[in-house]
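Understanding the architecture of this molecule
If you want the building blocks of each chain, they are given just below.
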Amino acid sequence: ALLSACPSRILLENCERLHELNNRYRLYARTVQGPARSVEAEHKRLCDLALSRSADAAAQALIEHYQHTGDAVMKATMASSEARPLPLPNSLNSK
């Protein structure tokens, strides 16, 4: 909804690519239990701030939203690496 009036095809294509990557990381982050959060409430807050043209507050809310997601991805990555050790390079497997 926020992008519907955007006249820039390049910007819209970049937003679509970021959305696809976000979906990948979001699904990955859900593989481990994290602190309770309301993503819907975060999205509503972001939308409300953007629509009210509160640019600084919207930017800060977006940074916080990304940080929460990044923390969840990091936690999933750490849990995954603890559960499955990384394979040794081929040169070390033969020894």
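Scroll up a little and you will see the structure.
The present account deals with the structure reproduced in this document. Quantities reported herein were computed from a predicted structural model and do not represent experimental measurements. Numbers given to residues run from 1 along each chain, matching the order in which its sequence is written. Reporting of local features is limited, given that this is a predicted model, to residues whose pLDDT is at least 70; pairs of side-chain atoms are given and counted only at 80 or more, and all residues count toward the totals for whole chains, interfaces and linings. The basis for every side-chain value is the complete set of non-hydrogen atoms in the structure, without hydrogens or water.

Attention shifts here to helix H2 (residues 39-51). The terminal C-alpha atoms of H2 lie 18 Å apart, and with 13 residues this matches the ideal 18 Å at 1.5 Å per residue to within 8%. Three labels apply to residues, based on accessible area from a 1.4 Å probe with only protein chains included: buried if under 20% of the type maximum, exposed if over 50%, partly exposed otherwise in between. Each helix is a run of DSSP H or I of at least 4 residues and each strand a run of E of at least 2, with the numbering of both proceeding from the N terminus. Listed in full, the buried residues belonging to H2 are Glu42, Leu46 and Leu49. Down the axis of H2, the sector holding all buried residues measures 70°, keeping them to one side. Exposed residues lying more than 90 degrees from the buried face of H2 are Glu40, Lys44 and Leu51. Where H2 terminates, the next one or two residues include Arg53, which has phi positive at roughly 60°. Take the number of residues in a helix, subtract one, and multiply by 1.5 Å to get its expected span. Within this analysis, the arc is defined by the directions that extend from the helix axis to the C-beta atoms.

This part is about unusual backbone geometry. Not every positive phi belongs to a glycine, and Arg53 is a case in point at roughly 60°. For Arg53, a relative accessible area of 78% corresponds to the exposed category.

Among the structural elements, His65 can be located in helix H3 (residues 55-83). We classify His65 as buried; its relative accessible area is 9%. Any two residues whose heavy atoms approach within 4.5 Å at even a single point are treated as in contact. Sequence-distant contacts of His65, defined by excluding residues within four places in its chain, comprise Arg37, Val39, Glu42, His43 and Leu46.

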